[in-house]
Amino acid sequence: MRRYLFLLFISILILSGCQDEMSLNKLSKENRLVVYCLPTTSDTTRIYVSCSIPITGESENLESVKISSYVNGHAQKVTFNGEVGSGSRKQLEYYFVKGLRIGDKVGVHAEAENITPVNAETVIPDSALCLSLHMNSLYSYGEPYDQIVLKVNPTLTSYFA
């Protein structure tokens, strides 16, 4: 009897298994803005904007992007600094000058024609206590890379790079 119950249980598990279907055609065919900005306690914050490459389609050629930024609710003057890279890896570089401090709330809004706008905000974190620092050499696809390993205070609840 136990054997039959066991076989019944296994059969039910096999027949009720989950199936997840993912169709690449259903994924977005639209370009999306990709914004890279790492505000720190320095006086200049750089903002890089590019366009994603959708699975089916080609990357949009960004000519200009309207960028607005604020620190603690106050608008900052954002300046275009030029293009970096070329082709599908082209980025537009912007910056604003403002001395940031720990606890400042920084926000960025980016919009371009025919692309959904994006928003992001963060708070400048407190400095981390560095417990150790060392360097490793790695190989990936036959190429050497250097990896810097930094160990910080494990009680931190905010993670940043």
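Residues numbered from 1 in each chain as written. Predicted model: local features only at pLDDT ≥ 70, side-chain atom pairs only at ≥ 80, totals over all residues. Heavy atoms only, no water.

## Describing the packing of aromatic side chains
No. 1: Enumeration over the complete set of coordinates arrives at two aromatic pairs.
No. 2: Taken together, a centroid distance of 6.2 Å and an interplanar angle of 40° make the contact between Tyr36 and Tyr48 tilted. Note that Tyr36 is positioned in strand 1 (residues 33-37) and Tyr48 in strand 2 (residues 44-51), a separation of twelve residues in sequence.
No. 3: We classify Tyr36 as partly exposed; its relative accessible area is 49%. (Phe/Tyr/Trp six-rings, centres within 6.5 Å; stacked < 30°, edge-to-face > 60°. Helix = DSSP H or I, 4+ residues; strand = E, 2+ residues; numbered from the N terminus. Buried < 20%, exposed > 50% of the residue type's maximum accessible area, 1.4 Å probe, protein only.)

## A closer look at the environment of Thr122
No. 1: Topologically, Thr122 is positioned in strand 8 (residues 115-123).
No. 2: Residue classification places Thr122 among the partly exposed residues on the basis of a relative accessible area of 37%.
No. 3: As for Thr122 and Val71, which are separated by 51 residues in sequence, their C-alpha atoms are 9.8 Å apart.
No. 4: Leaving out residues up to four positions away in the same chain, Thr122 has contacts with Pro39, Asp104, Lys105 and Val106. (Contact = heavy atoms within 4.5 Å.)

## Things to note about the pairing of strand 1
No. 1: Inspection of the sheet shows strand 1 paired to strand 2 by five bridges, in the antiparallel sense. Each residue of the ladder has a partner; that of Tyr36, found in strand 2, is Tyr48.
No. 2: If you look at the hairpin formed by strand 1 and strand 2, you'll find six residues sitting between the two strands. (Pairing = 2+ DSSP bridges.)

## Some remarks on a nonpolar patch on the surface
No. 1: Together, Tyr4, Phe6, Leu7 and Ile10 line one region of the surface with nonpolar side chains, adding up to about 440 Å² of accessible area.
No. 2: Note on placement: Tyr4 falls in helix 1 (residues 2-15).
No. 3: Classification of Tyr4 by relative accessible area gives exposed; the value is 65%. (Patch = residues over 30% accessible without salt bridge, like charges linked within 9 Å, V, L, I, M, F, W, Y side chains within 5 Å. Areas by Shrake-Rupley, 256 points an atom, 1.4 Å probe, with all protein chains shown as cover. Salt bridge = Lys/Arg side-chain N within 4 Å of Asp/Glu carboxyl O.)

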